[in-house]
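Descriptive analysis of the structure
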Amino acid sequence: MSLTLKRVFMAVFGLLGALFLWPCLLTLQYYQESFPSYLLFSLAQGIALGMAFGAFFGSFEGIVVSSRPKAFSGLLFGAAFGAVAGAAGVMAGQLFLFSAGSALWKTASARNGVGLAIASGVAWTIIGVILALTEGLRARSARKLLVGLAGGSFGGLAGGAALSAVSYFFPGEPWSLLAGLAVFGLSLGLCYSLFENRFSSGALMLLNGPLKGKEYYVLSRAMRIGSGSDCDIVLKGYPDVEKAHATVRASGGKVVVEQERSGARVLVNDEPPAGRALKPEDVIAVGKAKFIYGYFG
Amino acid sequence: MNGDIAMTTTKRAIAAALMAAAGAGAWAQGISITQIGTERLLSNQETRVYVSAPALGLADGVEPPLFEVWESGDGADWLQRPVSRVSLEPNADEGISFFLLLDNSGSMWTDPAGAEAQDAGGSRIESAKAAARAFLGALSPKDGVGLAVFNTRYWNASPPGGRPADAERVLDEISRPGTEDAFTELFLSLQRGLADFAAEPGRRVLIVLSDGENYPYALKTGKPNPETGIRSASPSDIVDSAVRDGVTVYAIRFGAQRDPLVARIAEETGGRTFDAMDGAELARVYDEIRTDVLSEIAVDYRAGMIPGEKRWVKVAVANAAGGRLSATRHYFAGTVLGRGAGEPRPYYLLFVGAAAAAWLTLVLAKLERETDRAGVRLLYGSQATRFFAIAGPQTVIGAAPDADVSIAGNPSLKASHATILFDEAKNVYTIVADSPVSVNNHNVVRRRLESGDVINMAGTVVVFDEELAKGPKGPKGAEGGKRR
């Protein structure tokens, strides 16, 4: 999948999250009176938001690399992590309201109006940032965490501000809530994908087979390639590819590719890699799959 | 038509009489809600109701009576709320924030009868200053106080939360206004006073003293007010601001000319209206307000989650005679979380279903396609990913328009740069060229190709592709690496 297409996909995933979440939030709001307190009501909304966007964004990587098991496990991990993100974001928003907020909005009307709106914005922003960190935590990749932090900060801030603004200016308007959620999902998805290639040590583009054209950013110290669904690059449908076939390692600006076990066909420019650092335009063979290394997009 | 007018007038008169009776009834019951505090609503889900209940005759030290609290979103359906604490005379312990709003219009410089004052001490303003001094002197060190003076202009001379001494100093600075500054901007000044005062913590009491009706400069002169232009404020605006910020307005009408609407403002914000004719009465009124507020009872209760910005609260308590006293007032909760949504609609399921179905489609859809025929694909440039199929035993690649694979745009590319030969018996593709081309970054003139090989011909880079499942027949390629 090319970078542009990937960005479009990510934005679409944000929209899907919004579509899914909107009726859930409205239903929660209908049962507002059943909640014992504002805090628990806000927490429920934050958790719902985190779970929905977490699940959709979490499954993204799996869908991009055409790995169903990865998509489903990403969905579950994203939902669980998103729930935590939602709770943490709301708590942080409340904390902000009762610490800095009490100094900023001293009157009851300001506190219950614009103060609450901005505190909600803070909560949505923090949820956005934490959600964007999901893939980094899942892949245990510092680079991906950095991508998440940058993308999540921008996307979360833009989306959180939009969501909070529509709730403030059009309170109780269901369609404006949908618009706010859509902007939240879109900006989070777009900002994440805009930053994705900024922190990478290059990318591997698949040249042949069913997944040809897909680009894999080198964003972690070790990326495993194989036919097993637990690999970072899952090569399903390629002959001669072992479950765990090769590993791409990145450290100190140097990217190398190694066999995962002897006998697995791994070549760089038709020769055994022998620990040489990859250069742009190097052609890497993993079984019958071929990649070109470089900086794309 | 005249009959209609008469009817309307009669209706209005009846309505006014009924309202007056209702107001009197509230006092006859001997209990009223003076302020509703929402400071702890968002953090602790707690709301505080200040209740004035002189009829109960309670003093500090006695056991607080049992209060019951109800909340409602519409003033009709009530839900009882748990009372967490009842405190007698809490304002003595916690202090009161007072804000005095003093009329310094032209008429304040006349004597109580409205005639030009004979001596400096005989004017209304001097009586008002003396009463204010006595009030300030009686305040507790826990109280905060501010003082603003108004006429055509508004002067927040001693901001709220200050010490009585600061306010007293301001009293000494009050001077007679010129003709242009002598108007009574009562409502606008009340609104500006509320804005200045609303941020004070705890019990907020605004006492406005005026000797006349609202007499706005812009309206009466047709010229914009030097400070507020053509802005105006209505009593309902003032009540709205005061209720939203939890401020009680007490009105003192000094002299014979009395603003009728200021009484409504006081009542609807939980306060009272007093009329005074001379300095001695004025001093008693100030003292009564202070004593009233000091004797209030605070009822803290756990607030509900009723949707809607406006909420009604009703408190009830039994009196010594076994009767039941109750009072009702409204307050405003948050706007962001405070609005409830309508009943869930069946079409909600469509949205959830559509999003889930789209997701599932993306998971299940085979976004990729296997290569089912051999060919070369441009890797870079504007035509990247363009695929040229290879057919027949020999395919010429070059810049010539009649080449089998004709690639334009690279002046270094020869008309016939390389040829791909196909051995159908062995299912093997081989590239041959007169001068070297690069395959996987190695210069060659002849080389067997496999799927994914990258061919660079004088800067034009193509990827050779063929069906992966169809391996070459016969001996393996000689390009190194292990095959299974």
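The structure presented is a predicted model; accordingly, all values stated were derived computationally and were not measured. Every chain is numbered independently, its residues counted from 1 as its sequence is written. Naming scheme: in the order in which they are written, chains are lettered from A and ligands are numbered from 1. This being a predicted model, a pLDDT of at least 70 is required before a residue's local features are given, and a value of 80 or more before pairs of side-chain atoms are given or counted; all residues contribute to the totals for chains, interfaces and linings.

**Looking at the overall build of chain B**
- Under the DSSP-based scheme used, a helix requires at least four consecutive residues in state H or I and a strand at least two consecutive residues in state E, with every element numbered from the N terminus. Summing up its helical and strand segments, chain B has 11 helices and 23 strands in all.
- For every residue, the other C-beta atoms within 10 Å of its own C-beta are counted; 20 or more classify it as buried, 12 or fewer as exposed, and values in between as partly exposed. C-beta atoms are placed from the backbone. Sorting the 484 residues of chain B into buried and exposed places 41% on the buried side.
- Sequence separation of 24 or more characterises 63% of the internal contacts of chain B that already satisfy a separation of 6 or more. Contacts are defined on C-beta atoms placed from the backbone: any two residues whose C-beta positions lie within 7 Å are in contact.

**Overview of the sheet that holds strand 1 (residues 203-206) of chain A**
All names here are of chain A.
- If you walk across this open sheet you meet the 5 strands as 2-1-9-8-7, and the pairing is antiparallel. Each edge of the open sheet is held by one strand with a lone partner, namely strand 2 (215-217) and strand 7 (266-268). Neighbour-to-neighbour, the strand axes of this sheet turn through a mean angle of 25°, independent of strand direction.
- Two strands form a pair only when DSSP identifies at least two bridges running between them. Taken together, the 3 bridges between strand 7 and strand 8 (residues 283-286) define a ladder with antiparallel strand orientation. Across the sheet, Leu267 pairs through a bridge with Ala285, a residue of strand 8. Lines fitted to C-alpha atoms define the axes, with helix axes restricted to the stretch in contact, and inter-axis angles between N-to-C directions lie between 0 and 180 degrees.

**Topic: the interface of chain A and chain B**
- Taken together, the contact pairs 60 residues of chain A with 56 residues of chain B.
- Every element with two or more residues in the side of chain A that touches chain B is listed here: helix 1 (3-30), helix 2 (38-64), helix 3 (68-98), helix 5 (108-132), helix 7 (142-169), strand 8 and strand 9 (289-294) of chain A.
- Element by element, the count of residues in the side of chain A that touches chain B is highest for helix 1 of chain A, at 9 residues.
- Looking at the side of chain A that touches chain B residue by residue, the class counts come to 31 nonpolar, 18 polar and 11 charged. Under this grouping Gly is polar, as are all residues other than the nonpolar Ala, Val, Leu, Ile, Met, Phe, Trp, Tyr, Cys and Pro and the charged Asp, Glu, Lys and Arg.

**Notes on helix 5 of chain A**
- The span expected for a helix works out to 1.5 Å for each residue beyond the first. Spanning 25 residues, helix 5 of chain A covers 35 Å between terminal C-alpha atoms, matching the ideal 36 Å at 1.5 Å per step.
- Taken across its 25 residues, helix 5 of chain A has 23 buried, putting it largely inside the fold.

**Some details on helix 9 (residues 260-268) of chain B**
Residues and elements named next belong to chain B.
- Taken together, the buried positions of helix 9 are occupied by Val262, Ile265 and Ala266. Axial view of helix 9: buried residues confined to an arc of 95°, hence all on one face.
- Residues of helix 9 that are buried make contact with helix 6 (186-197), strand 9 (203-210), helix 8 (235-245), strand 10 (248-254) and strand 11 (273-276).
- Gly270 occupies a position one or two residues after helix 9 and carries a positive phi of about 95°. The directions considered for the arc are those from the helix axis to the C-beta atoms.

**Quick notes on the pairing of strand 1 of chain A**
Residue and element names in this part refer to chain A.
- Taking every second residue as pointing to the same face, both faces of strand 1 are buried, with Ala203 and Met205 on one and Leu204 and Leu206 on the other.
- Where strand 1 and strand 9 come together, 4 bridges link them in antiparallel fashion. Paired with Met205 across the bridge in strand 9 is Ile292.
- In terms of strand pairing, strand 1 meets strand 2 through 3 bridges, oriented antiparallel. The partner of Ala203 across the bridge, within strand 2, is Tyr217.

Bear in mind that shape data such as this cannot, by itself, settle questions of function.
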